[in-house]
Amino acid sequence: MQDTVLDILEELTGSDEVRNDLDIDIFETGLLDSMGTVQMLLELQAQCGIDVPVSEFERTEWNTPNKIIAKVESMQ
Amino acid sequence: MLNMQPYQDPTYFVLLALGLLPIMIGMLYEKRFRVYETIISFLFLLLTFGGVKWEQGLALIAYTIFELLLIYGYLAYRKRKNASLVFNLAVILAILPLVIVKVSPLFDQGRESILGFLGISYLTFKVVGMIMEIRDGIIKAVNFKEVVHFLLFFPTISSGPIDRYRRFLGDYQKKIKRDKYFKLLDKAIWYIFLGFLYKFILAYFFGTLLLPKVSALALSHGGWSWWVVAYMYVYAMDLFFDFAGYSLFAVGISYVMGVETPMNFNKPFISKNIKDFWNRWHMTLSFWFRDYIYMRLVFFIMKKKLMKNRVAIANVGYLTLFLIMGFWHGLTWYYIVYGLYHAVAIILCDAWLRFKKKHQEKIPHNKFTEALAIFTTFNVVCFSFLIFSGFLDKLFFV
């Protein structure tokens with residue numbers, strides 16, 4: 001699961017920083033913007049089968065690779 | 001009967017201090033006096049929407065009943081079914097009063113609609129946000145008292161910051177420990193005094209003292225002149241200090257009541273680019289647009305595969321967002337041009353950021369380039385405020 005999420009993030013941010021630092025703030029650093037966020041939600045839906053409505057998405061709960069992995073695992 | 005607009009004069013602040021004192025004492029003993037809270041909220045609303053403004057008061061009541069019926073109606077429907085048509089209809093109905101208020105002066109020789117009242121646009125944001133979250137199945141039930149408190153929360157009723165139902169509710173229901181409340185009070189006092197500095201000293205200096213002088217000079221000179229440039233900067237400062245000052249009051253008073261209303265400004269004039277600027281300027285509005293319009297639209301386009309190109313989708317999103325923001329400000333050419341201007345600016349900004357990412361090694365990055373970025377952004381933003389001010393309309397078309 002961790003690998004799937006990191007693959008998605010690496011693809012979307014175009015950088016391996018998300019793999020090197022699992023606690024990096026992807027919004028603060030500008031790695032992921034709103035557009036990228038929507039793509040991430042769609043990818044998570046397609047690859048991990050979790051359904052996150054846009055309005056459920058609370059930035060502070062999804063701002064690092066570690067948090068995203070934890071979220072995805074809790075939702076499966 | 002007495003009438004006072006929020007945060008305008010010292011008496012209002014004295015009344016606030018007196019009215020909120022029992023709430024503060026209660027909070028220090030980790031108690032919320034709900035009945036008193038309701039009464040005091042009602043009295044402050046009466047102070048703003050009563051007396052000479054009674055017509056606005058009636059409009060506010062009618063509006064609130066209408067929107068509550070809509071929320072309850074849609075919620076009841078959503079429990080059984082989930083058709084897009086009904087959702088769209090609910091959103092249209094939710095914004096209908098605001099649309100009527102914005103459009104009717106155009107057809108009625110500039111006369112204001114009787115449906116209008118101070119803060120109607122901000123209330124509409126709250127309601128539309130709720131409808132969308134009901135659609136997403138995140139709001140499953142509402143409590144009458146809580147939803148009324150949320151909609152009519154008096155510290156933010158006139159001009160935001162725009163809060164969100166689930167966030168507000170969390171604060172409203174939370175038990176706040178005494179030491180945590182002390183910290184809130186601490187911040188509240190700081191915000192309110194910073195607000196005094198912003199609104200009653202700086203905005204007074206720029207807006208009341210300087211602006212009329214610069215404006216008269218620019219108008220008497222006519223056409224483009226350095227006075228227009230001066231007007232642009234003075235107006236930008238006035239706009240910021242006035243609105244940021246107001247927002248600090250609204251946030252500070254919310255804190256006193258144990259509600260951590262989100263901040264509206266975060267040093268917008270040190271933004272490195274336009275995207276950064278919109279993460280710092282009128283944040284509760286721009287985040288509302290980001291979450292409820294931009295992201296939903298992009299999500300919809302991508303999911304239905306209406307368009308393929310990522311960049312094109314983002315740009316369609318920006319144009320939609322900023323055009324709606326322009327129209328929301330009002331139906332004049334300069335508000336709409338202001339919206340378009342920002343859409344174009346952010347589209348160019350995105351293109352530049354993509355280019356920069358590709359050619360990272362070739363583009364210098366140092367203290368000087370950072371200063372240049374801030375300077376450029378500041379001027380691009382100030383020019384947008386000049387458009388927004390309507391001064392160009394006065395200068396060239398009236």
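Keep in mind the model is a prediction, meaning the values are calculated, not measured. (Residues numbered from 1 in each chain as written. Chains lettered and ligands numbered in written order. Predicted model: local features only at pLDDT ≥ 70, side-chain atom pairs only at ≥ 80, totals over all residues. Heavy atoms only, no water.)

1. Let's talk about the overall build of chain A
Our working definition: Secondary structure follows DSSP: runs of H or I at least 4 residues long count as helices, runs of E at least 2 residues long count as strands, and numbering of each begins at the N terminus. With C-alpha atoms as the basis for the radius of gyration, the globule rule is written as 2.2 Å multiplied by the number of residues raised to the power 0.38. Summary of the burial criterion: residues with accessible area below 20% of their type's maximum are buried, those above 50% are exposed, and those between are partly exposed, where the area comes from a 1.4 Å probe applied to protein chains only. Note on areas: Shrake-Rupley, 1.4 Å probe, and residue coverage restricted to the protein chains presented here.
When you go through chain A residue by residue, the secondary structure sums to four helices and zero strands. In terms of overall size, chain A behaves like a compact globule, its C-alpha atoms giving a radius of gyration of 11 Å where 76 residues would be expected to give roughly 11 Å. Along the first, second and third principal axes, the C-alpha set of chain A runs to 25 × 25 × 20 Å. A buried classification covers 50% of the 76 residues belonging to chain A. With the model as given, the accessible surface of chain A reaches about 3,500 Å², and the carbon-plus-sulfur share is 39%.

2. Section: the interface of chain B and chain A
The following threshold applies: The contact criterion used throughout is that any non-hydrogen atoms of two residues lie within 4.5 Å. Buried area: the accessible surface (1.4 Å probe) lost by two parts on joining, summed over both. Take a side-chain nitrogen of Lys or Arg and a carboxyl oxygen of Asp or Glu: if they are within 4 Å of each other, that pair is a salt bridge. Polar contact is the term for a pair of N or O atoms within 3.5 Å; when the atoms are in protein, one must be able to donate a hydrogen and the other to accept it, and sequence-neighboring residues count only if both atoms are side-chain atoms. The residue classification treats Ala, Val, Leu, Ile, Met, Phe, Trp, Tyr, Cys and Pro as nonpolar and Asp, Glu, Lys and Arg as charged. All others, Gly included, are polar.
The interface of chain B with chain A comprises 19 residues on the first partner and 19 residues on the second. Interface area for chain B against chain A, summed over the two sides, is near 1,700 Å², with a carbon-plus-sulfur share of 62%. For the pair chain B and chain A, the interface holds two salt bridges. The closest approach of N and O atoms between B:Arg166 and A:Glu56, which form a salt bridge, is 3.4 Å. Viewed at the interface, chain A and chain B are joined by six residue pairs in polar contact (both at pLDDT 80 or more). For the side of chain B that touches chain A, the secondary structure elements donating two or more residues are helix 5 (120-135), helix 11 (283-303) and helix 12 (310-329) of chain B. Sorting elements by how many residues they give to the side of chain B that touches chain A places helix 11 of chain B first, with nine residues. For the side of chain B that touches chain A, a count of residues per class yields nine nonpolar, no polar and ten charged.

3. Some remarks on the UniProt feature "domain: Carrier" (unreviewed entry) in chain A
Stated formally: UniProt positions are given in the numbering used here, feature names are shortened, and annotations may be inferred rather than shown by experiment.
Mapped onto the present numbering, the UniProt feature "domain: Carrier" (unreviewed entry) falls on residues 1-76 of chain A. For residues 1-76 of chain A, helix accounts for 55% and strand for 0%, while the C-alpha atoms at its two ends are 10 Å apart.

4. A short note on the UniProt feature "modified residue: O-(pantetheine 4'-phosphoryl)serine" (unreviewed entry) in chain A
Residue and element names in this part refer to chain A. Those places that UniProt annotates as "modified residue: O-(pantetheine 4'-phosphoryl)serine" (unreviewed entry) correspond, in this numbering, to Ser-34. Looking at the secondary structure, you find Ser-34 in helix 3 (residues 34-48). Ser-34 sits in the buried class, given a relative accessible area of 13%.

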